[in-house]
Amino acid sequence: MPTPETMTYEVRGRVARITFTRPESMNSLTERVLDELEAAIGAAEADPGTRVLVIGGTGRAFTVGLDLALLDEAFADPAVWERIAKRLAALTLRLERLPMPVIASVNGLARAGGFELLLACDLVLIADTARIADAHAEFGVIPAGGSTARLPRIVGRQRAREIFLTGRWISAAEAVDLGIALKAVPAGDLDAAVDELAAGLSGKSRACMAAMKRQLAAVEGLPLAEAVVPEIEEFVAYVTPPDSDGQEGFRAYRENRPPTWA
């Protein structure tokens, strides 16, 4: 992919890392940022050696959502709003469907579109000084990146409504208590904590993690008796081919050797 201007993209030890580099604008999202973010996600997905994707920011923010200039354009032209809303929704769905774990490294403020972005990640590590918010209600606006579907599944009906309707800021500690974030760590330790988590995941089979993500997505919200059906279908499709990582993992266990993932 071409060298991005609004972020860095690097791969180390099977871990791809996207870092927003527009701290002067609180890493706000322009159409250029969205273009480069989509390209970076595509590069990670296309590289079979990449097992984990990390998304983070620089300065005081993870990202605070759409850039003011883009908001000016959107509020002046409904066609722009429709285009941007569809891009945000497609982007968050793509993150959820990536065949690898996606870790949000939340270094600072995550608001509006930034909040929606982290909700689409599989795992969220947050600096203890960071704060997050939907915040749309503060401006008389409503979400458009899928958060009204995602947040209630994470925190429950009542808490989701309170977060959306008040638009209030949520501390790192509360984000962990609510299940929005996995862990809060001292700000100076965030990169190390993310690296440790990513390194542990990077040794796993990408095919296995992708299949697990498909299982989790397929069964979410289903009654238990219905949920076991797609779980079993995914299991059989994954584990039965003789060249599958499932077969290799079992052979390696039986032969007392490290597995060699496809």
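For clarity, every value in this text was computed on a predicted model and none was experimentally measured.

## Notes on the overall build of the chain
Along the backbone of the chain there are 11 helices and 10 strands. Rg of the C-alpha trace for the chain: 19 Å, near the compact-globule value of 18 Å for 262 residues, within the 12% margin. If one aligns the C-alpha atoms of the chain with their principal axes, the spans along those axes are about 60 × 45 × 40 Å. Counting across all 262 residues of the chain, residues that qualify as buried make up 45%. Within the chain, contacts between residues at least 6 apart in sequence are counted, and of these 68% link residues at least 24 apart. Counting every atom, the chain has about 13,200 Å² of accessible surface; 58% of that belongs to carbon and sulfur. Charge-centre separation for the chain: the mean point of 28 positive side chains lies 3 Å from the mean point of 36 negative side chains.

## Overview of helix α6 (residues 157-166)
Residues spaced three or four apart along an α-helix face the same direction, because each turn holds 3.6 residues. When α6 is considered as a whole, its buried residues turn out to be A160, I163 and F164. For α6, the buried positions fall inside an angular range of 95 degrees around the axis, keeping them on one side. Facing away from the buried surface of α6 by more than 90 degrees, the exposed residues are Q158 and L165. Looking at the packing, one finds that the buried side of α6 touches α4 (113-119), α5 (147-155), β9 (170-171) and α7 (172-178). Positive phi shows up at G167, right after α6, with a value of about 70 degrees.

## A short note on the sheet that holds strand β2 (residues 15-20)
The six strands lie next to each other as β1-β2-β3-β5-β7-β10, forming an open sheet whose pairing is mixed. Because the sheet does not close on itself, it has two edges, and the strands there are β1 (7-12) and β10 (183-185). Within this sheet the neighbouring strands show an average axis-to-axis angle of 20 degrees, counted without direction. Direction of pairing for β1 relative to β2: antiparallel, over a ladder of six bridges. Residue pairing for β2: T8 is matched across the bridge by T19.

## With respect to the packing of aromatic side chains
Two measures describe an aromatic ring pair: the distance that separates the ring centres and the angle between the ring planes. Summed over all chains, the structure comprises two aromatic pairs. When the ring of F20 is compared with that of F62, the centres are 6.3 Å apart and the planes differ by 80 degrees; the resulting orientation is edge-to-face. Residue F20 is located in strand β2, and its partner F62 is located in strand β4 (residues 61-63); the two are separated by 42 residues in the primary sequence. Seen from their ring centres, F75 and W81 are 5.2 Å apart, and the 85 degrees between their planes marks the pair as edge-to-face.

## Structural notes on unusual backbone geometry
Positive phi is not limited to glycine here, since N27 has a value of about 55 degrees. With respect to the helices and strands, N27 occurs in the loop between β2 and α1 (31-46). What makes N27 buried here is its relative accessible area of 1%. For A135, which is not a glycine, the phi torsion comes out positive at approximately 70 degrees. Locating A135 in the fold gives a position in the loop between β8 (131-133) and α5. Exposure remark for A135: the relative accessible area of 3% places this residue in the buried category.

## As for the packing of α1 against helix α3 (residues 78-97)
Running from amino to carboxyl end, α1 crosses α3 at an angle of 25 degrees, the nearest separation of the two axes being 11 Å. With respect to each other, α1 and α3 are oriented roughly parallel. The handedness of the crossing between α1 and α3 comes out as left-handed. The segment α1 lies against α3, with E31, L34, D35, L37, E38, I41, G42 and E45 engaging R83, I84, R87, L88, L91, R94 and L95.

## Re the side chain of R51
Here R51 is to be found in the loop between α1 and β3 (52-57). This buried residue, R51, is left without a salt bridge; D245 holds the nearest opposite charge, at 6.7 Å. A polar contact is formed between the side chain of R51 and the backbone oxygen of S202, at a distance of 3.2 Å. Apart from residues lying up to four places away in sequence, R51 is in contact with R14, M100, P101, S202, G203, K204, R206, M209 and W261.

What counts, and at which threshold
Residues numbered from 1 in each chain as written. Predicted model: local features only at pLDDT ≥ 70, side-chain atom pairs only at ≥ 80, totals over all residues. Heavy atoms only, no water. Helix = DSSP H or I, 4+ residues; strand = E, 2+ residues; numbered from the N terminus. Rg over C-alpha atoms; globule rule 2.2 N^0.38 Å. Buried < 20%, exposed > 50% of the residue type's maximum accessible area, 1.4 Å probe, protein only. Contact = heavy atoms within 4.5 Å. Areas by Shrake-Rupley, 256 points an atom, 1.4 Å probe, with all protein chains shown as cover. Lys, Arg positive; Asp, Glu negative; His and termini not counted. Charge placed at Lys NZ, Arg CZ, Asp CG, Glu CD. Arc of directions from axis to C-beta. Pairing = 2+ DSSP bridges. Axes fitted to C-alpha atoms, helices over the stretch in contact; angles between N-to-C directions. Phe/Tyr/Trp six-rings, centres within 6.5 Å; stacked < 30°, edge-to-face > 60°. Parallel < 35°, antiparallel > 145°, perpendicular 65-115°, else oblique. Left-handed = near helix turned anticlockwise from the far one by under 90°. Salt bridge = Lys/Arg side-chain N within 4 Å of Asp/Glu carboxyl O. Polar contact = N/O pair within 3.5 Å; in protein donor to acceptor, adjacent residues only side chain to side chain.

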